[in-house]
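These are the residues of each chain, in order.
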Amino acid sequence: MGDLYLLWIPYSGWGVFTASSCPDPCAFPAWMYRKYTVPSEQLDKVFGRLNSIKEKLETDKMLPAKGKEKEIFPELSDLLAD
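Numbering of residues begins from 1 in every chain and follows the order in which that chain's sequence is written. Totals for whole chains, interfaces and linings use every residue, but because this is a predicted model, local features are given only for residues with pLDDT of at least 70 and side-chain atom pairs only at 80 or more, for both listing and counting. Only hydrogens and water are set aside; all other atoms, that is, all heavy atoms of the structure, feed into the side-chain values.

Engineer: Can you help me understand the overall build of the protein chain in this one?
Structural biologist: Secondary structure is summarised from DSSP: a helix means a run of H or I of at least four residues, a strand means a run of E of at least two, and numbering begins at the N terminus for each. Of regular secondary structure, the protein chain possesses 3 helices and 3 strands. For the protein chain, the succession of helices and strands along the chain, N to C, is β-β-β-α-α-α. Using C-alpha atoms as the atom set, the radius of gyration is obtained and then compared with a globule rule of 2.2 Å times the number of residues to the power 0.38. Its C-alpha atoms give the protein chain a radius of gyration of 12 Å, near enough to 12 Å, the size a compact globule of 82 residues would have. The principal-axis extents of the C-alpha atoms in the protein chain amount to approximately 30 × 25 × 20 Å.

Below, the structure written as structure tokens:
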């Protein structure tokens, strides 16, 4: 298993991070990021899908907001689906 994060960093924007590259998520409110624990064999696939989502969020100029988490962050099951 491995952890991936989709995270909004003020003044930098959206990012997709691994557990080793992610800033300390405790420094951010829960509505600014989502942690995904992914089976090791699917890390590359989910990382790619999260990067596509990140790009769409940037294109749409979507900013995180409390109460909008379901609109921004996909469910893990959707990321794992074939």
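Engineer: Any chance you could explain the nonpolar core here in plain terms?
Structural biologist: For soluble globular proteins, nonpolar side chains are generally found buried alongside one another. Within this scheme, the nonpolar core is defined by two criteria: the residues are buried Ala, Val, Leu, Ile, Met, Phe, Trp, Tyr or Cys, and they are joined through side-chain atoms within 4.5 Å. The cut-offs for exposure are 20% and 50% of the maximum accessible area for each residue type, with area from a 1.4 Å probe on protein chains only; residues under the lower value are buried, those over the upper are exposed, and the others partly exposed. Judged by nonpolar contacts, the single largest core of 21 residues is most densely connected at Leu 6, Leu 7, Trp 14, Tyr 36 and Leu 50. Put simply, the parts of the chain that give this core at least two residues each are β1 (2-9), β2 (13-18), β3 (33-38) and α1 (43-59). Beyond its immediate stretch of four places on either side in the chain, Leu 7 contacts Gly 13, Trp 14, Gly 15, Phe 17, Cys 22, Pro 23, Phe 28, Met 32 and Tyr 33. Only heavy atoms enter the contact rule, under which two residues are in contact if any of them lie within 4.5 Å.

Structural measurements only, silent on function.
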